[in-house]
Amino acid sequence: MNGAGVGLVKEKIRVCLSGVTGWVGRGLAPAILEAPDLELSAAVSRSQAGRKVAEALEGIDSEVRIRASVAEALETPCDVLVDYTSSHAALDNVLAAVDRGVHVVVGTSGLDDADYARIDRAARERSVGVLAAGNFALTAVLLQRLAETAARHLPQWEILEYARAQKPDAPSGTARELAARLGRVRASDAAPAAADSKSLREARGATLHGAQVHSVRLPGFVSSIEILFGLPEERLSIRHDSGSGSGPYVAGTLLAIRKVGGVVGLRRGLDTVMEL
């Protein structure tokens, strides 16, 4: 990623894609291959380990051999690890990359504040960047920014998030990130539980960074998040909905890959490297 001067060609950013056969990975892999400034140098998928990317993903021309683990894949030199796996594997994957001095883009959901604090310490010790986002879609990024602005003026809000029935983590990474960001603005004044002794506290959702968060898991949903602000006689709703395709996440992830090399330590949210 170095090189300056007249006549010199800028080196491509070498990418290791963990979760190459997943929902986002299937769309991200061809996008990396088509980008003139990016190179797919390594790939990870436990279920397709040993096969070439071209064999595992239809319509893709890549001779890269898929590995079973990030540690194995990182034996191939790369500049950025992109992780779209599971909350159980993501932390170890990120720390393995950081330990090797590799920048990381984290699209995996389910990591908590303690995980991110550990990642930040490790990244600063190794002087590498980690860019994590609960959602890389541009409309989700704008929702977060607009919600922060609203929270400075409206003291009460609650967060509702919706996902497919099989999604294992609740709240989602998008909801966790939004709650954390709003918590840095102020805590919501919305009551965490009703005072009536017959009320079920669980019906008011989980309290996260001073906000009530409600998670819906039903068939028919992909990924949606809504924040509701309320004042006497008025209310404001800001909502993001994802379609069934991974295109919006791919575009945001490509931007993150190009930006993370200029970061040291952890940044949460795609907007931290965007001009908004």
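None of these values were measured; they are calculated from a predicted model. (Residues numbered from 1 in each chain as written. Predicted model: local features only at pLDDT ≥ 70, side-chain atom pairs only at ≥ 80, totals over all residues. Heavy atoms only, no water.)

K.L.:
I keep staring at the pattern of salt bridges and nothing clicks. Help me out?
P.N.:
Close approach of charged atoms lets side chains of opposite charge pair. Counted under the stated rule, the structure contains 13 salt bridges. One salt bridge in this structure joins Arg204 and Glu158, with 2.5 Å as the shortest N-O distance. One end of the pair, Arg204, is in the loop between helix H7 (173-185) and strand E8 (206-208); the other, Glu158, is in strand E7 (residues 157-163), and 46 residues separate them in sequence. Here Arg204 falls in the partly exposed class, since its relative accessible area comes to 21%. By relative accessible area, which is 17% here, Glu158 ends up buried. Linking Asp169 and Lys167 is a salt bridge whose minimum nitrogen-to-oxygen distance equals 3.2 Å. In terms of burial, Asp169 and Lys167 fall into one category: buried. (Salt bridge = Lys/Arg side-chain N within 4 Å of Asp/Glu carboxyl O. Helix = DSSP H or I, 4+ residues; strand = E, 2+ residues; numbered from the N terminus. Buried < 20%, exposed > 50% of the residue type's maximum accessible area, 1.4 Å probe, protein only.)

K.L.:
Just to check I follow, could you spell out the sheet that holds E7 for this structure?
P.N.:
The strands making up a sheet associate through hydrogen bonds between their backbones, and the pairing can be parallel or antiparallel. Strand order in the open sheet made by the five strands is E8-E9-E7-E10-E11, with mixed pairing throughout. Each of the sheet's edge strands pairs with one partner strand only, and the pair in question is E8 and strand E11 (234-242). Adjacent strand axes in the sheet meet at a mean angle of 25° when their direction is disregarded. Contacts between H7 and the sheet are confined to E7, E8, strand E9 (211-217) and strand E10 (223-231), with E7 contributing the most and set at about 165° to the helix. (Pairing = 2+ DSSP bridges. Axes fitted to C-alpha atoms, helices over the stretch in contact; angles between N-to-C directions. Contact = heavy atoms within 4.5 Å.)

K.L.:
What exactly am I supposed to notice about the packing of helix H6 (residues 138-151) against H7 here?
P.N.:
Pairs of packed helices are described in terms of their axes, by the angle between the two and the distance that separates them. Their axes nearest at 9 Å, the elements H6 and H7 cross at an angle of 30°. Judged by the angle between their axes, H6 and H7 are roughly parallel. By crossing handedness, the relation of H6 to H7 is classed as right-handed. Residue-level contacts link Leu143, Gln144, Arg145, Ala147, Glu148 and Ala151 of H6 to Thr174, Glu177, Leu178, Arg181, Leu182 and Val185 of H7. Taken together, the residues that form the contact of H6 with H7 break down as six nonpolar, two polar and four charged. (Parallel < 35°, antiparallel > 145°, perpendicular 65-115°, else oblique. Left-handed = near helix turned anticlockwise from the far one by under 90°. Nonpolar A, V, L, I, M, F, W, Y, C, P; charged D, E, K, R; others polar.)

K.L.:
I would appreciate a short explanation of the packing of aromatic side chains in the present structure.
P.N.:
To describe a pair of aromatic rings, you give the distance between the ring centres and the angle between the ring planes. Tallying each qualifying case throughout the model produces four aromatic pairs. Taking 5.4 Å as the distance between ring centres and 65° as the angle between the ring planes, the aromatic pair formed by Trp23 and Tyr249 counts as edge-to-face. Of the two residues, Trp23 sits in helix H1 (residues 23-34) while Tyr249 sits in helix H8 (residues 247-259), which places them 226 residues apart along the sequence. In this structure Trp23 comes out as partly exposed when scored by relative accessible area, which is 44%. Residue Tyr249 is classed as buried on the basis of its relative accessible area, which comes to 8%. (Phe/Tyr/Trp six-rings, centres within 6.5 Å; stacked < 30°, edge-to-face > 60°.)

K.L.:
Looking at this structure, how should I read H6?
P.N.:
Three- or four-residue spacings in an α-helix give side chains the same orientation, since the helix completes a turn every 3.6 residues. End to end, H6 covers 20 Å across 14 residues, agreeing with the expected 20 Å (1.5 Å per residue, within 8%). All buried positions along H6 are accounted for by Ala140, Val141, Leu143, Gln144, Ala147, Glu148, Ala150 and Ala151. On its buried face, H6 is in contact with E7, H7, E10 and E11. (Expected span 1.5 Å × (residues − 1).)

K.L.:
For this particular structure, what's the right way to read the sheet that holds strand E2 (residues 38-44)?
P.N.:
Strands sit in the order E3-E2-E1-E4-E5-E6-E12 across an open sheet of seven strands; the sheet is parallel. Where the open sheet ends on each side, the last strands, each with one partner, are strand E3 (66-67) and strand E12 (265-268). Alignment of strand E5 (residues 103-106) against strand E6 (residues 129-132), held across three bridges, turns out to be parallel. Along E6, the bridge assignment pairs Val106 with Ala132.

K.L.:
Can you help me understand the packing of H1 against H8 in this one?
P.N.:
Here H1 crosses H8 at 55°, and the two axes come no closer than 9 Å. With respect to H8, the axis of H1 lies oblique. Between H1 and H8 the crossing geometry is right-handed. Counted together, Trp23, Val24, Gly27, Leu28, Ala31 and Ile32 of H1 and Tyr249, Val250, Thr253, Leu254 and Ile257 of H8 form the full contact between these two elements. Classifying every residue of the contact of H1 with H8 by side-chain character gives nine nonpolar, two polar and no charged.

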